[in-house]
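So the chains spell out like this:
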Amino acid sequence: MYCKNCGEQMNDNQAICLKCGVKTCQGEGFCANCGQTVAPGAEVCLSCGVAVKKAGGDYGKYDKIVIALVCFFLGGLGIHNFMLGETKKGIVKIVLSLLCGIGSILALIDFIRILMDKYEVNPDKAF
Ligand SMILES: [Zn+2]
Ligand SMILES: [Zn+2]
């Protein structure tokens, strides 16, 4: 794989780029799969067709603070998931909240991940 910050080739198990010192999941100037430059905001690498994986902490048009607050107060109903287009996660939280009340525990985990910039928006996942 390649450093997404500087395009340098590196080992798959490397956590930090030896050339620029940036963590492997950070930066978005280069494709991690082929090392070619990708346009800012591009969803797919034009050189190899692989989806450009977004790092955590990207909530589109919403502020991190907004998502964190919504998650904290309304997270048990999956409201923050619906705001981020993650319908599956939202529905799972509502169902779990109604059935046994653990939807809010999932929301709390989301909340911590959001604070730590570890939350990854993924509409295909249910958790
Ligand atoms: Zn680098
Ligand atoms: Zn590529």
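Points about the coordination of the zinc ion (ligand 2)
Reference values for angles at a metal are 109.5 degrees in the four-donor tetrahedral case and 90 or 180 degrees in the six-donor octahedral case.
Then step 1. With distances of 2.2 to 2.3 Å, the protein atoms coordinating the zinc ion (ligand 2) are Cys-31 (SG), Cys-34 (SG), Cys-45 (SG) and Cys-48 (SG).
Then step 2. The site at the zinc ion (ligand 2) holds four donor atoms, and with the angles between them running 105 to 117 degrees, its shape is tetrahedral.
Then step 3. Positions of the donor residues of the zinc ion (ligand 2), expressed as sequence spacing, correspond to C-x2-C-x10-C-x2-C. One end of the pair, Cys-31, is in the segment before helix 1 (64-74); the other, Cys-48, is in the segment before helix 1, and 17 residues separate them in sequence.
Then step 4. Overall, the relative accessible area of 3% leaves Cys-31 in the buried class.

So, the coordination of the zinc ion (ligand 1)
Then step 1. The zinc ion (ligand 1) binds to the protein through Cys-3 (SG), Cys-6 (SG), Cys-17 (SG) and Cys-20 (SG); the donor distances cover 2.2 to 2.3 Å.
Then step 2. Taken together, the four donor atoms surrounding the zinc ion (ligand 1) define angles of 106 to 118 degrees at the centre, an arrangement classified as tetrahedral.

Considerations on the domain arrangement of the protein chain
Then step 1. Segmentation of the protein chain into domains returns domain 1 (1-53) and domain 2 (64-115).
Then step 2. One C-alpha centre belongs to domain 1, the other to domain 2; they are set 30 Å apart.

Some remarks on the nonpolar core
Then step 1. Tyr-59, Ile-67, Ala-68, Cys-71, Leu-84, Phe-111, Ile-114 and Tyr-119 form the largest nonpolar core, which has eight residues in total.
Then step 2. Going through the elements one at a time, helix 1 and helix 4 (103-115) are the ones with two or more residues in this core.
Then step 3. The biggest single contributor to this core is helix 1, with three residues.

A look at unusual backbone geometry
Then step 1. With phi around 60 degrees, Asp-117 is a residue other than glycine that occupies positive phi space.
Then step 2. With respect to the helices and strands, the residue Asp-117 is situated in the segment after helix 4.
Then step 3. The class of Asp-117 is partly exposed, set by a relative accessible area of 39%.

Quick notes on the rules
Residues numbered from 1 in each chain as written. Chains lettered and ligands numbered in written order. Predicted model: local features only at pLDDT ≥ 70, side-chain atom pairs only at ≥ 80, totals over all residues. Heavy atoms only, no water. Donors = N, O, S within 2.8 Å, 3.2 Å for Na, K, Ca; no water. Tetrahedral: all angles 85-135°; square planar, octahedral: opposite > 155°, others 65-115°. Helix = DSSP H or I, 4+ residues; strand = E, 2+ residues; numbered from the N terminus. Buried < 20%, exposed > 50% of the residue type's maximum accessible area, 1.4 Å probe, protein only. Domains from an automatic or database assignment. Core = buried A, V, L, I, M, F, W, Y, C linked by side-chain atoms within 4.5 Å.

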